[in-house]
Amino acid sequence: MRDLFGEELIKHQYLSQIFRKLCTFYNYEEIATPLVEHIQIFNRSLGETSDIVSKEMYNFKDQGDDHLVLRPEGTAAVARAYISNNFQQKLVNKYFYIGSMFRRERPQSGRLRQFNQFGVEFFGNRNILSDLEVILLADNFLNKIGIRKKLRLEINSLGNKESRGKYIESLKEFLNKKKSHLSEESLRRLEKNPLRILDSKNSKDLEIVKECPKINSFFDKESSDFFDGITKGLKQLGITFELNSNLVRGLDYYNHTAFEYKTFEEKSQNTILAGGRYDSLINMLGGNNSTGVGWAAGIERIVLNLVSKNKEKFTISVFSNSPEFNFEVLNLIKNLKPKDNLQINFLNSGNFKKKLSKASKLKSFACIILAENEWKEKKLIWKDLISDSQETFSLDMIEEFLNNKLDKK
Ligand code: ATP
Ligand code: MG
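In short, a report on the structure.

Here the focus is unusual backbone geometry. A positive phi angle, close to 65°, is found at Asp-65, a residue other than glycine. Along the chain, Asp-65 turns up in the loop between strand E3 (59–61) and strand E4 (67–70). For Lys-378, which is not a glycine, the phi torsion comes out positive at approximately 55°. The residue Lys-378 is located in the loop between helix H14 (372–375) and strand E15 (379–384) in this model.

A separate point is the sheet that holds strand E10 (residues 271–277). Strand pairs in the sheet, formed through backbone hydrogen bonds, run parallel or antiparallel to each other. Read from one edge to the other, the open sheet built from eight strands follows the order E1-E5-E6-E11-E10-E9-E7-E8, with strand pairing classed as mixed. Among the strands making up the open sheet, the edge pair consists of strand E1 (29–30) and strand E8 (242–243). Sheet strands in contact with helix H4 (residues 75–84) are strand E5 (94–102) and strand E6 (114–124), and its direction is about 45° off that of E6.

Let us look at the nonpolar core. Counting 86 residues, the largest nonpolar core has Trp-295 and Ile-302 as its most contacted members. With sequence-adjacent residues up to four places away left out, Ile-302 is seen in contact with Leu-15, Phe-118, Phe-141, Ile-145, Ile-147, Ile-272 and Ala-297. Judged by nonpolar contacts, the second largest core, of 20 residues, contains Val-318, Val-329, Ala-366 and Ile-368.

Pairing in this open sheet of five strands is mixed, and the strands run E13-E12-E14-E15-E16 from one edge to the other. Of all strands in the sheet, those with a lone pairing partner are strand E13 (342–346) and strand E16 (389–394), marking the two edges. Across the sheet, the mean angle separating the axes of adjacent strands is 25° when strand polarity is ignored. Examined bridge by bridge, strand E12 (residues 314–320) and E13 share five bridges and lie parallel to one another. What sits directly across from Ser-317, in E13, is Asn-345.

Now for helix H7 (residues 184–192). Turning to H7, its buried residues are Ser-186, Arg-189 and Leu-190. Mapping the buried residues of H7 onto a view down its axis gives an arc of 120°, with all of them on the same face. In H7, those exposed residues whose orientation departs by more than 90 degrees from the buried face are Glu-184, Arg-188, Glu-191 and Lys-192. Among the structural elements, helix H3 (51–56), helix H6 (161–177) and helix H8 (203–211) are those in contact with the buried residues of H7.

Let us look at the pattern of salt bridges. With the rule as written, the count across this model stands at 29 salt bridges. Two residues, Glu-30 and Arg-20, come together in a salt bridge whose shortest N-O distance is 2.8 Å. Here Glu-30 is found in strand E1, whereas its partner Arg-20 is found in helix H1 (residues 6–25), with ten residues between them in sequence. One salt bridge in this structure joins Glu-399 and Lys-339, with 2.8 Å as the shortest N-O distance. Taken together, the residues Glu-399 in helix H15 (residues 398–407) and Lys-339 in the loop between helix H12 (326–335) and E13 connect sequence positions 60 residues apart.

A word on the packing of aromatic side chains. Scanning the model with the defined rule gives 21 aromatic pairs in all. Consider the rings of Tyr-95 and Phe-123, whose centres lie 6.1 Å apart with planes at 55°: the pair is tilted. Taken together, the residues span a long stretch of sequence, with Tyr-95 in strand E5 and Phe-123 in strand E6 at a distance of 28 residues. Judged by centre distance (5.5 Å) and plane angle (85°), the rings of Phe-118 and Phe-141 are edge-to-face. Linking Phe-118 in strand E6 with Phe-141 in helix H5 (residues 128–144), this pair joins segments that are 23 residues apart in sequence. In this structure, Phe-118 and Phe-141 share a single accessibility class: buried. Of the aromatic side chains, those joined through ring pairs into one cluster are Tyr-82, Phe-87, Tyr-95, Phe-123, Tyr-253, Tyr-254 and Tyr-278. A cation sits over an aromatic face here: Lys-90 above Phe-87, 4.6 Å from the ring centre. The lysine or arginine in question, Lys-94, covers the ring of Phe-122, its NZ or CZ lying 5.3 Å from the ring centre.

Thresholds applied
- Residues numbered from 1 in each chain as written.
- Chains lettered and ligands numbered in written order.
- Predicted model: local features only at pLDDT ≥ 70, side-chain atom pairs only at ≥ 80, totals over all residues.
- Heavy atoms only, no water.
- Helix = DSSP H or I, 4+ residues; strand = E, 2+ residues; numbered from the N terminus.
- Pairing = 2+ DSSP bridges.
- Contact = heavy atoms within 4.5 Å.
- Axes fitted to C-alpha atoms, helices over the stretch in contact; angles between N-to-C directions.
- Core = buried A, V, L, I, M, F, W, Y, C linked by side-chain atoms within 4.5 Å.
- Buried < 20%, exposed > 50% of the residue type's maximum accessible area, 1.4 Å probe, protein only.
- Arc of directions from axis to C-beta.
- Salt bridge = Lys/Arg side-chain N within 4 Å of Asp/Glu carboxyl O.
- Phe/Tyr/Trp six-rings, centres within 6.5 Å; stacked < 30°, edge-to-face > 60°.
- Lys NZ or Arg CZ within 6 Å of the ring centre and 35° of its normal.

What follows is the structure in structure tokens.
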């Protein structure tokens, strides 16, 4: 778990602002669910054999013997909120969230134990247009923040429950014959969660996975019609994608559409945004038959791929040449209008020489000095530390003076 500060925190805030604006525009409502939920919410919905439930959740019993977890993901929590708050009565059921998730994973770049996600969920009847809407929202968002071109969109369908069931049987049969070639991790998954083997990053497994039966040959009419609708729709929208028949999502609640935006890097943390359709989730958690589709994106992974567009900030230091004028300097900065690309440092201790040297250590490009003689005429000294030149200007012109200096930068 890492502290967030400085440039990185500023990037998180910048991204949140864009995400919030875009979601609101498409009529998604912001929701903030608690960081802690009953363990059953995730056990029941994600599946006992998912990585999250089997090894990644931070769970504990509280003083009242309630078994709780720090939420590992947002979808099940929002679905729980949908039921608890009777959202099924609402006309529009589209939500977005921004928040921290917790998973006890092996920490590495792009894989943290507390990380942040943007997510959207769209509940209602099963409708291809809902899947397309959440994907186009993802696409627009990634475009707006300038990283869409660095990513490829992969899509697949897990079919409906029946098709998926038949596929899993055949996959198991195939993989059982190849047991001696599989990694230990995959052997463990073989009985409980064979679909996840398709997602393996192990090179031995990958050879076998290439030969595996493909899910689309097990689709019934409903499953193939739905998937055809999605691919046709994406083409009509001009959203480029690749089919990846091995793309599976590791959680039990997914069916039909599955998609991921990935970078072209060959590493296991290359998925930036991932989502899919979850038709039985609300029902699994005790709600009605509403279906849903949504996605989540890792903010830290977006930040790792962000092309910096930050405007440079300039720093100036402000001080007096004698302690008795410190309050005058405070008054001066009190009245200054904040500017996007300017930071001011008030230097309040040390002698004149010390202040000057601190100003340059702080990478100030100039200083504003309140000096006794000039101040008698309400004038200030501007000392340019780059050209080492000096001039005076009058206090009542300070805004114009500063704007002029910044314009030339
Ligand atoms: P992965 O295959 O990378 O483990 P996942 O399938 O566990 O991903 P999801 O549960 O689909 O991930 O979460 C959606 C997104 O959240 C991921 O695509 C990724 O960008 C981000 N994410 C997931 N786990 C972490 C983590 N531990 N640290 C940082 N970001 C994460
Ligand atoms: Mg994971």
